[in-house]
Structure formats: C-alpha cells, structure tokens
Amino acid sequence: MTTPFHLGWFMSFRPPAFPDQWVGADAAEWTNGRFYEDFARSLERAKFDYIMIEDSSMVPDAYAGTSEIDLKYSLYAPKHDPLALAALMADVTSRLGIVATASSTFYPPYLLARTMSTLDHLSRGRVGWNVVTSSEDRAAQNYGIDRLPEHDERYDRADEFIDLVGQLWDSWEEGAETQDRGTGAFVDHTKVHPIDFVGAHYSSRGPLNLPRSPQGRPVICQAGGSGRGRRFGATHADTIIASAHGVEAMKAYRDSVREHLVEAGRDPDSCKVLFVVSPIVAESEAAAQDRFTSAWAPTDRRVEAALGHISAYTENDMSQFDLDKPVEELTTNGHQSTLAMFMKRAEGGKTLREVAANWSISCLDLVGTPSSVADQMEEAMEYVGGDGFLISGATSRRYITEVTDGLVPELQRRGLTRTEYTHRTLRDNLLSF
Ligand SMILES: Cc1cc2nc3c(=O)[nH]c(=O)nc-3n(C[C@H](O)[C@H](O)[C@H](O)COP(=O)(O)O)c2cc1C
C-alpha cells in the first residue's frame, strides 16, 4: 500500500522570477500582494498542506562590501513582511495552512504571541510560525543590536522565548469568552490568567489581551540543521523543513530528527519533515532535460547570485576568492548547516565557480514528465520513510501551474498526496497521516 506524503511550498515575498519571460505583469505589481493571493489559491486547489513564507530583514552588503549584487538580482531584498501577507492569504483561502517566518532574536515575545494568535483567529486555525533565530549581524543592526548572540545561545534564548509565548497562548482558558446575556459579561475574568514569566532573557506579565485561538498554539515550523538546531526543532516543532543532498542524507536527517523527538519524550510521528525540492516538469523527458540544462547553465549571473547568497547568510565576503581555485575553508556564526553543505560540495578540490554554479538547497534533481517525476518522488519517499516535500522554484504563474496542475494531479491519481482536506486546522491536517 502506498503511504501518502505531505506537500508544502517554500516562497519569498520578494519580486517574482525577473527577468524570466513568464512573469508578465506580476513583476511590476508584486508589491500589492495580489499575485501571492493567487499563489495561495493555486496551492489550495492542489491541496497543499501549507505555504511557508520565508523572511529576513536586511539589505546585505557582505559580497564585495556593497549591496549591488543583492539588489541587482533581488536576492534578499526587496522583501515584504510575511505576517501581513499571511492575513491576505488567509482571506482568499479556507483550508490551506499559512506558515509565516518571524525571528525569535528580533521580536519581543508578547508582540509575536499576539500577532500569531490574531492570525490564527483570522485564518480560523490555519496559521503556523516558522521560528528562526536569524543569522546575520547586518539584520541585527537594524534592530539596534551590533552583533548577534552566538549560534547556540540564540537557540537557548529561543527555547525560553517559545516557553513564554506558549504560556501567553495558554493564558486564556477555552470558553473564557462566555458572552453571557444573563449577567451581561462578555468574558469570564476567572478564566484569564497572568503568567508572571521571569526568565534569564525575557519577562512578561500577561495575560494576552485576546482569546485563545482556534489551534490554541499555532503550528510551529523550524529549519535549523545543526545539532543544536535539530534538538531545538525536536523539542518544539510540528513540522521541520530540511535541506539535505541526496536520498541518503535525507534519510539520515529524518532518522536523526526522529531520534531527537523520542529523546524529547515525543511521538516521532508528531512532527513532519518536509524536504526542499524544485521539480522541473514538462511535456516530454527531452523538453524537461532541456529546461534543466538551461536552468543550470554556469552563467556569471548564476555564479554571482549563489555567492551573493552565501555571503549574505554566512557574512563571508565570497568576492575575495579566486573563482577558479579550490574553495577555502570557511566558518560562520550564521547558517552553519548550510555552509557545511556548501563545503561538502566543494570536496575533491572543486573550484569556487563549479560549486557556486551548481549550488542549490534542493535535495534532489527531479526532472521529467509529471509521470516520471512522480515516480522519482515516490521512490525517494519510500527510501527516506516520509514525510513529504517542500516545493521551491521559480516564482512565476507558469512554474506554479506546472506543479499544481501538472505534477500534483499525477501524484493524487497514485494516492501519493491528499485529494481533500479532512480537517479544518493546519495542525489536524498535518497530523492526519
Ligand atoms: C528550507 C529552509 C528555509 C529557511 N528559511 C529561513 C527563513 O525564512 N529565515 C531565516 O532567517 N532562516 C531560514 N532558514 C535558516 C534556518 O532557520 C537556519 O538558520 C539554518 O538552516 C541554519 O541552521 P543551523 O544554524 O542550525 O545549522 C531556512 C533554512 C532552510 C533549510
């Protein structure tokens, strides 16, 4: 019997795939959010579990000491706030889960708890929070912090942050809003409790100033791949989004998350691990291969954009190295697991140009017709053991349609992905298989 798997989409509230000829009017009008509303509708039509809106809050200048490359290719900026977009997406959908990224290093806990709880109400229980600890001093400086805390300390603080936020979410008992016409009381004050939280890093009196939300606690999503990051995810997350190259590494990643879940006293099936992939689907194998070859041509643009990305989230200036020499050993206080993946790909003396030209966080190369890509996804999931894929690819209507209306119907026909939402809330849908 086939075991179904989950689908999510990894998106940025950035401009669409400019200068791709298929972006049409969306490039000029991306800031008004309408394209992203249609994006959410398409994912709901294809019965995705959720859309994950990533985030960062800076205009990087680590590459060559200038923002030129970043802004030229719109790598990190311009970018809108994901929480505002989550509200728009919730309004035009009824079952899709909407996961928005927010940094535990920059948000005050009360503000985060309140905003997420409001979004959970507005979406009627479909919101999730992608918890990130942030990776760049440049982002920290926008919040008046010179340097980020050390990598592991950020996770220690995030543990306390989530504890506090969870207590705020629980500060209103179920049914506190009695709306009793007899007594005239809208809320029963005996069911609303201060939390008087005092921790090593944060404190908050509470209670929250709004009722318990439909999910009680919005879904927690997490992506940290370091040992500390995985322990953090295993303690708190309902879903983990992961990048690991090849089926062996994917299986090892998921197995280690499941071990950490058991160590944390949790059911290993209570957290779904979704792996990043960017399938290329076309009418024929040859057409798909052509698209793959042209998408991966080692152009200057591709190399520069990859190095701009690596520079931004490791805060190493990658422009200082010779492109045609082997990659030098690097360290970072930012994304440690992503840098480790980059260094792994450089093994065997590969040049910086080669590694940059082939750099992607996609776990597998999925290329072919809908039918052959469905075969590849099915095989990978059988080997890895679950729990699904997080699609990431060109932000254009064409690419979205190829996946939602070309690939997904084939997956559904085989019983590999859901054909209906069986529950109302994101958590219930996520945990339903
Ligand atoms: C699929 C995926 C999505 C991510 N999204 C974000 C994001 O939106 N914002 C962010 O600051 N970091 C994001 N990250 C980075 C992680 O939060 C984390 O910092 C990174 O994976 C390194 O984790 P580590 O330091 O535990 O190795 C993402 C990572 C992955 C693999």
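Quick caveat, the model's predicted, so the values are computed rather than measured. (Residues numbered from 1 in each chain as written. Predicted model: local features only at pLDDT ≥ 70, side-chain atom pairs only at ≥ 80, totals over all residues. Heavy atoms only, no water.)

Considerations on the nonpolar core
Right, on to step 1. Membership of the largest hydrophobic core comes to 83 residues, with the highest contact counts inside it found for Trp9, Met11, Phe48, Trp129, Phe275 and Phe389.
Right, on to step 2. Take this core: its biggest share by element is eight residues, from helix H7 (residues 151-169).
Right, on to step 3. Among residues more than four places away in sequence, those in contact with methionine 11 are Tyr36, Phe39, Ile51, Met52, Ile53, Glu54, Leu85 and Met89.
Right, on to step 4. Ranked by size, the runner-up nonpolar core spans 31 residues in total, among them Ile69, Ala139, Ala312 and Leu352. (Core = buried A, V, L, I, M, F, W, Y, C linked by side-chain atoms within 4.5 Å. Buried < 20%, exposed > 50% of the residue type's maximum accessible area, 1.4 Å probe, protein only. Helix = DSSP H or I, 4+ residues; strand = E, 2+ residues; numbered from the N terminus. Contact = heavy atoms within 4.5 Å.)

A look at the packing of helix H14 (residues 370-384) against helix H15 (residues 397-413)
Right, on to step 1. Two numbers describe how H14 lies on H15: the axes approach to 9 Å, and their chain directions differ by 55°. Between H14 and H15, the interaxial angle falls into the category oblique. When the axes of H14 and H15 are compared, the crossing they make is right-handed. Two secondary-structure elements touch here, H14 through Pro370, Ser371, Val373, Ala374 and Met377 and H15 through Gly406, Leu407, Glu410 and Leu411. (Axes fitted to C-alpha atoms, helices over the stretch in contact; angles between N-to-C directions. Parallel < 35°, antiparallel > 145°, perpendicular 65-115°, else oblique. Left-handed = near helix turned anticlockwise from the far one by under 90°.)

Notes on helix H9 (residues 246-263)
Right, on to step 1. Spanning 18 residues, H9 covers 26 Å between terminal C-alpha atoms, matching the ideal 26 Å at 1.5 Å per step.
Right, on to step 2. Here H9 has its buried residues at Gly246, Met250, Tyr253, Arg254, Ser256, Val257, His260 and Leu261. The buried side chains of H9 occupy one side of the element, clustering within an arc of 160° when seen end-on. What points out from H9, more than 90 degrees from its buried face, is the exposed set Glu248, Glu259, Val262 and Glu263.
Right, on to step 3. Residues of H9 that are buried sit in contact with helix H8 (227-236), strand E8 (239-242), strand E9 (272-277), H14 and strand E12 (388-391).
Right, on to step 4. Once H9 finishes, glycine 265 follows within two positions and takes phi at roughly 80°, a positive value. (Expected span 1.5 Å × (residues − 1). Arc of directions from axis to C-beta.)

Focus: the pairing of E8
Right, on to step 1. The alternating pattern of E8 places Thr239 and Ile241 on one face and Ile240 and Ala242 on the opposite face, and all of these are buried.
Right, on to step 2. For the handedness criterion, the β-α-β arrangement of strand E7 (residues 219-222), H8 and E8 is classed as right-handed.
Right, on to step 3. In this structure, E8 lies alongside E9, joined through four bridges in parallel fashion. Bridge pairing links threonine 239 to lysine 272 in E9. (Right-handed = clockwise from strand over helix to strand, strands pointing away. Pairing = 2+ DSSP bridges.)

Some details on the domain arrangement of the protein chain
Right, on to step 1. Split into domains, the protein chain comes out as domain 1 (6-170 + 212-283 + 362-430) and domain 2 (288-357).
Right, on to step 2. Here domain 1 and domain 2 have C-alpha centroids that lie 23 Å from each other.
Right, on to step 3. Counting residues at the interface gives 37 residues for domain 1 and 26 residues for domain 2.
Right, on to step 4. Counting the surface lost from both domain 1 and domain 2, the interface buries some 2,600 Å², and carbon and sulfur atoms represent 57% of this.
Right, on to step 5. In terms of surface lost to domain 2, no three residues of domain 1 exceed Tyr63, Tyr73 and Ile280, which account for 24% of the buried area on that side. (Domains from an automatic or database assignment. Buried area = accessible area lost by both parts, 1.4 Å probe.)

Digging into the sheet that holds strand E4 (residues 127-132)
Right, on to step 1. Strand order in the closed barrel formed by eight strands is E1-E2-E3-E4-E7-E8-E9-E12, with parallel pairing between adjacent strands. When strand polarity is set aside, the average angle formed by the axes of neighbouring strands in this sheet is 30°.
Right, on to step 2. Pairing of E9 with E12, which is carried by four bridges, proceeds in the parallel orientation. By the bridge assignment, valine 276 is partnered in E12 with leucine 390.
Right, on to step 3. Across the sheet, helix H4 (residues 82-92) is in contact with strand E1 (6-12), strand E2 (50-54) and strand E3 (97-103); its angle to E3 comes to roughly 170°.
Right, on to step 4. Contacts between H9 and the sheet are confined to E8, E9 and E12, with E9 contributing the most and set at about 155° to the helix.

Topic: the side chain of threonine 369
Right, on to step 1. Within the fold, threonine 369 resides in the loop between strand E11 (367-368) and H14.
Right, on to step 2. Since its relative accessible area comes to 17%, threonine 369 is described here as buried.
Right, on to step 3. Sequence-distant contacts of threonine 369, that is, excluding residues within four places in its chain, are made with Val281, Ala282, Glu283, Ser284 and Glu285.

Topic: the packing of aromatic side chains
Right, on to step 1. Here the structure, examined in full by the defined rule, presents 17 aromatic pairs.
Right, on to step 2. On the basis of an interplanar angle of 85° and a centroid distance of 6.4 Å, the ring pair of tryptophan 129 and tryptophan 169 is categorised as edge-to-face. You can see tryptophan 129 sitting in strand E4 and its partner tryptophan 169 sitting in helix H7, a full 40 residues away along the chain. For the pair tryptophan 129 and tryptophan 169, a shared accessibility class is recorded, and that class is buried.
Right, on to step 3. Aromatic pair phenylalanine 161 and tyrosine 202: ring centres 5.4 Å apart, planes at 90°, arrangement edge-to-face. Pair noted here: phenylalanine 161 is in helix H7 and tyrosine 202 is in the loop between strand E5 (197-198) and strand E6 (203-204), with a separation of 41 residues, a long-range link. Residue phenylalanine 161 shares its accessibility class with tyrosine 202, and that shared class is buried.
Right, on to step 4. Feature note: the residues Trp9, Phe13, Trp30, Phe35, Tyr36, Phe39, Phe48 and Tyr399 constitute an aromatic cluster, connected by ring pairs.
Right, on to step 5. For arginine 230, the ring lying beneath its charged end belongs to tyrosine 253, and the centroid distance is 4.0 Å.
Right, on to step 6. For the cation-ring pair, arginine 302 lies above tryptophan 296, with the distance from its terminal atom to the ring centre recorded as 4.0 Å. (Phe/Tyr/Trp six-rings, centres within 6.5 Å; stacked < 30°, edge-to-face > 60°. Lys NZ or Arg CZ within 6 Å of the ring centre and 35° of its normal.)

Topic: the UniProt feature "domain: Luciferase-like" (unreviewed entry) in the protein chain
Right, on to step 1. As annotated in UniProt, the feature "domain: Luciferase-like" (unreviewed entry) corresponds to residues 23-386 in the numbering used here.
Right, on to step 2. This span, residues 23-386, is 43% helix and 11% strand, and a straight line between its end C-alpha atoms measures 33 Å. (UniProt positions renumbered as here; feature names shortened; annotations may be inferred.)

Let's talk about the site of the ligand
Right, on to step 1. Contacts to the ligand come from 20 residues, most closely from Asp55, His151, Tyr155, Ser226 and Ser337.
Right, on to step 2. Tyrosine 155 has a polar side-chain atom sitting 2.7 Å from an oxygen atom of the ligand.
Right, on to step 3. Serine 337 has a polar side-chain atom sitting 2.7 Å from an oxygen atom of the ligand.
Right, on to step 4. Relative to its unbound accessible area of 620 Å², the ligand is 93% covered by the protein chains.
Right, on to step 5. Contributions of two or more residues to the shell around the ligand are made by E4, H7 and helix H12 (336-345).
Right, on to step 6. A per-class count over the shell around the ligand returns six nonpolar, twelve polar and two charged. (Near = heavy atom within 4 Å. Polar contact = N/O pair within 3.5 Å; in protein donor to acceptor, adjacent residues only side chain to side chain. Areas by Shrake-Rupley, 256 points an atom, 1.4 Å probe, with all protein chains shown as cover. Nonpolar A, V, L, I, M, F, W, Y, C, P; charged D, E, K, R; others polar.)

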